[in-house]
Amino acid sequence: MSATRSGTKRDAPGFFVTPLSALSGAEVTGIDVSEFLADEHFAALKKAWLDHNGVLVLRDQSLTPEQHLAFSRRFGPLFGEAESLQDTVKKYLLPGFPGIYRVSNKVEDGKPLGRARAGTYWHSDVSFRKRPAMASILYAMEIPPVGGDTLFASMTAAYDALSPLLRKKLRRLRAVHDFAVAAGMSYSPDVIENGDFDGQNRHLHPVVTTHPETGRRALFVNPGFTSHVQGFGHEESRALLNFLYRHATRPEFVYRHRWRKHDLLIWDNRCLMHYAVADYEGKGERYMHRTTVIAEEPVGAAEAPAAEVIHTDSD
Ligand code: SIN
């Protein structure tokens, strides 16, 4: 592997990786994922993704829905295929392709082509499920001339920046994640399916998780789906969560992605929150296809002693 002064690295299988910010995000050029990648190429790509804190943008991709799905399945099973998404969202799936969720402000014959204003709040995809999202893989087919950026907050960096004492306290806590939080906040009532408010769309997760691949700890709460901290009073829970959200979204922990047409962006929901900026209404059309890979059930820091190798808190 050789590096240039701009930080660009030519990876062994032949693609280039260039950091996009000091903390997270890298751009990959010289790769075409419409073709099947050899195992070692896929492993190198995945390593670059993990090394750059879970945000990788592959430029200039030309993908059919089948190719997008085939590439995504290399990461693991997909929502919509191996497990269904909540009914409120199902209406935005690409017909004939249940693994593809359409995110768009386009309307055809009076019908929305995708979910408009999807994710216009900080969240981690599908965190209300027992097995939430691992990777989300978003393909930009049409973008407005300006606006429509997506922000990513590193929950790993946010966790690392807390005091050892608070980290220790947070590691013992769990929080409820519930689709009803986002539904109440950002879905219009005519879109919501009431069946989504029970059963599998509500789950208790550790407030601090250990990433199964990097071993790094991260905060795992988000304003979109976390309803409360278990065992805390309402006011206590709100105060703690609001502090964590303010802390995690400090500019130094955030990467802002300015889209180019045909970007394929892969992000890691296990260590990031994201926010889609809805500032382009009336300025242009945005049409994207998202696949969502299912994660393992998150593991709390207390249950994952291997992470102690990386985190050397003496508490
Ligand atoms: C989402 O998946 O939350 C939407 C992201 C985006 O539209 O930028």
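Residues numbered from 1 in each chain as written. Predicted model: local features only at pLDDT ≥ 70, side-chain atom pairs only at ≥ 80, totals over all residues.

Engineer: What's the story with the overall build of the chain in this structure? I'm lost.
Structural biologist: Within the chain one finds 7 helices and 20 strands. A compact globule built from 315 residues would reach a C-alpha radius of gyration of about 20 Å, and the chain, at 19 Å, matches this within 12%. Once the C-alpha set of the chain is aligned to its principal axes, its extents read approximately 55 × 50 × 35 Å. Looking at the chain as a whole, 42% of its 315 residues are labelled buried. Sequence separation of 24 or more characterises 78% of the internal contacts of the chain that already satisfy a separation of 6 or more. (Helix = DSSP H or I, 4+ residues; strand = E, 2+ residues; numbered from the N terminus. Rg over C-alpha atoms; globule rule 2.2 N^0.38 Å. Buried ≥ 20, exposed ≤ 12 C-beta atoms within 10 Å, placed from the backbone. Contact = placed C-beta atoms within 7 Å.)

Engineer: Hey, could you run me through the environment of Val55 in this one?
Structural biologist: By the element assignment, Val55 lies in strand β5 (residues 55-58). A sequence separation of 210 residues divides Val55 from Leu265, and the C-alpha atoms of the two residues are 7.2 Å apart.

Engineer: Explain the site of the ligand to me, please; I cannot follow it from the model alone.
Structural biologist: All residues adjacent to the ligand are Val103, Ala118, Gly119, Ser136, Leu138, Thr150, His274, Ala276, Met288 and Arg290. Looking at the shell around the ligand, the elements that each hand over two or more residues are β10 (133-142), β19 (272-276) and β20 (287-294). Here the residues of the shell around the ligand are counted per class, giving 5 nonpolar, 4 polar and 1 charged. (Near = placed C-beta within 6 Å. Nonpolar A, V, L, I, M, F, W, Y, C, P; charged D, E, K, R; others polar.)

Engineer: Looking at this model, I keep getting lost on the sheet that holds strand β12 (residues 174-178). Mind explaining?
Structural biologist: One open sheet accounts for 3 strands, arranged β13-β12-β16; its pairing is antiparallel. Only two strands of the sheet have a single partner each, and these edge strands are β13 (202-206) and β16 (226-229). Adjacent strand axes in the sheet meet at a mean angle of 25 degrees, parallel and antiparallel pairs treated alike. For β12 and β16, the ladder comprises 3 bridges, and the chain directions are antiparallel. Looking at the pairing, Ala175 lines up with Val229 of β16. (Pairing = 2+ DSSP bridges. Axes fitted to C-alpha atoms, helices over the stretch in contact; angles between N-to-C directions.)

Engineer: Looking at this structure, I do not really get the pairing of β10. What am I missing?
Structural biologist: Looking along a regular strand, one sees the side chains alternate between the two faces of the sheet. Burial analysis of β10 places 8 of its 10 residues in the buried class, the great majority of the element. Pairing of β10 with β20, which is carried by 7 bridges, proceeds in the antiparallel orientation. Across the sheet, Ile137 pairs through a bridge with Thr291, a residue of β20. Bridge count for β10 against strand β18 (residues 264-268) is 5 bridges, and the pairing is antiparallel. Following the sheet pairing, Ser136 is matched in β18 by Trp267.

Engineer: For this particular structure, what's the right way to read the pairing of β12?
Structural biologist: Strand direction decides the pairing type here: β12 and β13, joined by 5 bridges, are antiparallel. Bridging across to β13, Asp178 finds its partner in Arg202.

Engineer: Even after reading the chapter, I still don't get the nonpolar core, so can you show me in this structure?
Structural biologist: Among the nonpolar cores identified, the biggest contains 76 residues, and Ala153, Met155 and Leu219 are the most heavily contacted of them. The contact partners of Leu219, leaving out residues within four places of it in the chain, are Met155, Ala158, Tyr159, Val207, Val208, Leu244 and Ala248. (Core = buried A, V, L, I, M, F, W, Y, C linked by C-beta atoms within 7 Å.)

Engineer: Honestly, the sheet that holds strand β17 (residues 254-257) in this entry has me stumped. Any pointers?
Structural biologist: Strands in a sheet are paired, the pairing made by backbone hydrogen bonds, and the direction either parallel or antiparallel. One open sheet accounts for 3 strands, arranged β17-β11-β19; its pairing is antiparallel. The open sheet has two edge strands with one neighbour each: β17 and β19. Direction aside, the axes of adjacent strands within the sheet are offset by 20 degrees on average.

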